Amino acid sequence: MTRRLAQVAKKVGVSEATVSRVLNNKPGVSEATRRSVLTALDVLGYERPTQLRGERARLVGLVLPELQNPIFPAFAEVIGGALAQQGLTPVLCTQTKGGVSEADYVELLLQQQVSGVVFAGGLFAQGDAEHGHYQRLAERQVPVVLVNAAIERLGFPCVACDDAVAVEQAWRHLSSLGHERIGLVLGPDDHMPSQRKLAAARAVEGKLPDSAVERAMFSLEGGHAAAARLLSRGITGIICASDPLALGAVRAARRAGLSVPGDVSVVGYDDSAFMNCTEPPLTTVRQPIEAMGRAAVELLVAQIQGGSVPPGELLFEPELVVRGSTAPPTRAA
């Protein structure tokens, strides 16, 4: 007990006597100090005293599907900074292969009595995935915000980039350069953002053959394999659902003895870090990360403060960023 008092006191910058008064629910402590002590307990992994467990911590779970794709650390930086400005402490929960699952993280966050949870990508975007842990959050009335297009039945407020507009921008860019054989590298069939991108491509192109669409896991290797199949069918312009997929497509072209953009043009999606430093610099569609991240925190804080937030979707406009991976086609059919 003494060790716990000392650690919490050091974390908050107050005396052990002050920490003791908070833990024993005694008067004489300001509300700000009391909240700081309770947050320190949560951060250090200590259980709150029984009489204080009904209060939610000033912690917010920030759940990410991975860190290898630079777009997710970028979202984490924006969201984490915006939460800190609101006096909330983000708890980063990152999934790894064979590690802690999204559902396991939700259980841990519920045990810590977090004030809310932001999911920046995750199983909410996959129709065939398990969604029971989202239902648990809803039943416990924990404020939740989703970042990325979500399946409809979850009922949480959502912040997303307009996938349809992104594909329209990329497709029209390639068409304006003279490309007639354009293909797509998308995520799995049940992935909602990929479904929207495919629908937009079909709306722009009309009769888009199945042979012009390939599915892949969201990785450089997945992009390489999917793009290689498209290249074997004579595709000259490839639109990818993420920047790592696009980098895989560039690698596939080079392995096939083709140049980018001389023989094949490639467009990514996200405009994540260092895409202007690749060779060639990647043409991509930029998500407005700063605006989306701040909007997600505003929606979450409104819920935490007891406000009413509609469960609909806030759509943000993407921006085509033209660099060196796209050019007029020179390859024969």
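Refer to the structure printed above.
Model, not experiment: these values are computed from the prediction.

**Q** In this structure, what is going on with the overall build of the chain? I would like to understand it.
**A** Broken down by element type, the chain carries 11 helices and 12 strands. Seen along its three principal axes, the alpha-carbon backbone of the chain occupies a region of about 80 × 35 × 35 Å. Looking at the chain as a whole, 50% of its 333 residues qualify as buried. At a minimum sequence separation of 6, the contacts of the chain that also span at least 24 residues come to 70%. Side chains of the chain give 32 positive and 34 negative charges; the mean places of these two sets differ by 6 Å.

**Q** What is the right way to look at unusual backbone geometry in this model?
**A** Negative phi values dominate among residues other than glycine, just as trans dominates among peptide bonds. Residue Val260 is joined to Pro261 through a cis peptide bond whose omega torsion reads 10°. Considering the arrangement of structural elements, one finds Pro261 in the loop between helix H10 (243-255) and strand E9 (265-270). Located in the positive-phi region is Asp270, a residue other than glycine, with phi close to 130°. Tracing the sequence through the fold places Asp270 in strand E9. Although it is not a glycine, Phe274 sits at a positive phi angle of roughly 75°.

**Q** Help me out: how do you make sense of the environment of Ala226 in this one?
**A** Tracing the chain through its elements places Ala226 in helix H9 (residues 220-231). Residue classification places Ala226 among the buried positions, given a relative accessible area of 0%. Sequence spacing of Ala226 and Glu102 is 124 residues, and the spatial spacing of their C-alpha atoms is 27 Å.

**Q** Whenever I open this one, the packing of aromatic side chains confuses me. Can you help?
**A** Each aromatic ring pair is summarised here by two numbers: the centre-to-centre distance and the angle between the ring planes. The full count for this structure, using the stated rule, is two aromatic pairs. Centre to centre, the rings of Phe124 and Tyr134 are 6.4 Å apart; their planes meet at 85°, and the pair counts as edge-to-face. Of this pair, Phe124 sits in the loop between strand E3 (116-120) and helix H6 (132-139) while Tyr134 sits in helix H6, and the two are 10 residues apart along the sequence. The buried category is assigned to Phe124, whose relative accessible area is 0%. Looking at Tyr134, the relative accessible area reads 1%, which means it is buried. Through a chain of ring-to-ring contacts, the aromatic side chains of Phe119, Phe124 and Tyr134 assemble into a single cluster. Cation over ring: Lys197 sits above Tyr269, and NZ or CZ is 3.9 Å from the ring centre.

**Q** How should I be thinking about the pattern of salt bridges in this particular structure?
**A** Pairing between side chains of opposite charge can happen when the charged atoms of each approach one another. Under the criterion given, the structure shown has 13 salt bridges. Among the ionic pairs, Arg233 bridges to Glu214, the shortest N-O distance being 2.7 Å. Of the two residues, Arg233 is situated in the loop between H9 and strand E8 (237-240) and Glu214 in strand E7 (residues 213-215); the sequence distance between them amounts to 19 residues. Glu214 sits in the buried class, given a relative accessible area of 10%. The salt bridge involving Arg323 is made with Asp271; its shortest N-O contact spans 3.0 Å. Remark: Asp271 occurs in the loop between E9 and strand E10 (283-286) and Arg323 occurs in the segment after strand E12 (319-321); sequence separation between them is 52 residues. Each of the salt bridges in this network shares a partner with another, and the network as a whole consists of Asp271, Arg286, Glu319 and Arg323.

**Q** Can you walk me through helix H8 (residues 192-205) in this structure?
**A** For the α-helix, the turn length of 3.6 residues means that residues three or four positions removed from each other point alike. With 14 residues, H8 extends 20 Å from end C-alpha to end C-alpha; this agrees with the ideal 20 Å at 1.5 Å per step. What H8 keeps buried is the set Met192, Pro193, Ser194, Lys197, Leu198, Ala200 and Ala201. Just downstream of H8 lies Gly206, where phi reads positive at about 90°.

**Q** So what exactly am I meant to see when it comes to the nonpolar core here?
**A** Burial of nonpolar side chains together is a common tendency in soluble globular proteins. Ranked by size, the top nonpolar core spans 67 residues in total, and within it Ile79, Leu184, Ile238 and Val266 carry the most contacts. Ignoring sequence-local partners within four residues, the contact set of Ile79 consists of Leu62, Val118, Ala120, Val147, Gly293 and Val297. Counting residues in hydrophobic clusters, the runner-up holds 25 residues, among them Cys93, Leu109, Ala149 and Met192.

**Q** Teacher, can you tell me more about the sheet that holds strand E1 (residues 59-64) here?
**A** The strands that make up a sheet pair up through hydrogen bonds in the backbone, lying either parallel or antiparallel. Reading across the sheet, the six strands line up as E2-E1-E3-E4-E5-E11 and stay open at both edges, with parallel pairing between neighbours. Pairing within the sheet leaves two strands with one partner each, and these edge strands are strand E2 (89-94) and strand E11 (313-316). Strand after strand, the sheet turns through a mean of 15° between neighbouring axes, direction not considered. Bridge count between E3 and strand E4 (residues 144-147): four bridges; the pairing is parallel. Of the residues in E4, the one forming a bridge with Val117 is Val144.

**Q** Can you help me understand the environment of Pro70 in this one?
**A** By the element assignment, Pro70 lies in the loop between E1 and helix H4 (71-85). Separated by 205 residues in the primary sequence, Pro70 and Met275 have C-alpha atoms spaced 9.9 Å apart.

Parameters and conventions
- Residues numbered from 1 in each chain as written.
- Predicted model: local features only at pLDDT ≥ 70, side-chain atom pairs only at ≥ 80, totals over all residues.
- Heavy atoms only, no water.
- Helix = DSSP H or I, 4+ residues; strand = E, 2+ residues; numbered from the N terminus.
- Buried < 20%, exposed > 50% of the residue type's maximum accessible area, 1.4 Å probe, protein only.
- Contact = heavy atoms within 4.5 Å.
- Lys, Arg positive; Asp, Glu negative; His and termini not counted.
- Charge placed at Lys NZ, Arg CZ, Asp CG, Glu CD.
- Phe/Tyr/Trp six-rings, centres within 6.5 Å; stacked < 30°, edge-to-face > 60°.
- Lys NZ or Arg CZ within 6 Å of the ring centre and 35° of its normal.
- Salt bridge = Lys/Arg side-chain N within 4 Å of Asp/Glu carboxyl O.
- Expected span 1.5 Å × (residues − 1).
- Core = buried A, V, L, I, M, F, W, Y, C linked by side-chain atoms within 4.5 Å.
- Pairing = 2+ DSSP bridges.
- Axes fitted to C-alpha atoms, helices over the stretch in contact; angles between N-to-C directions.

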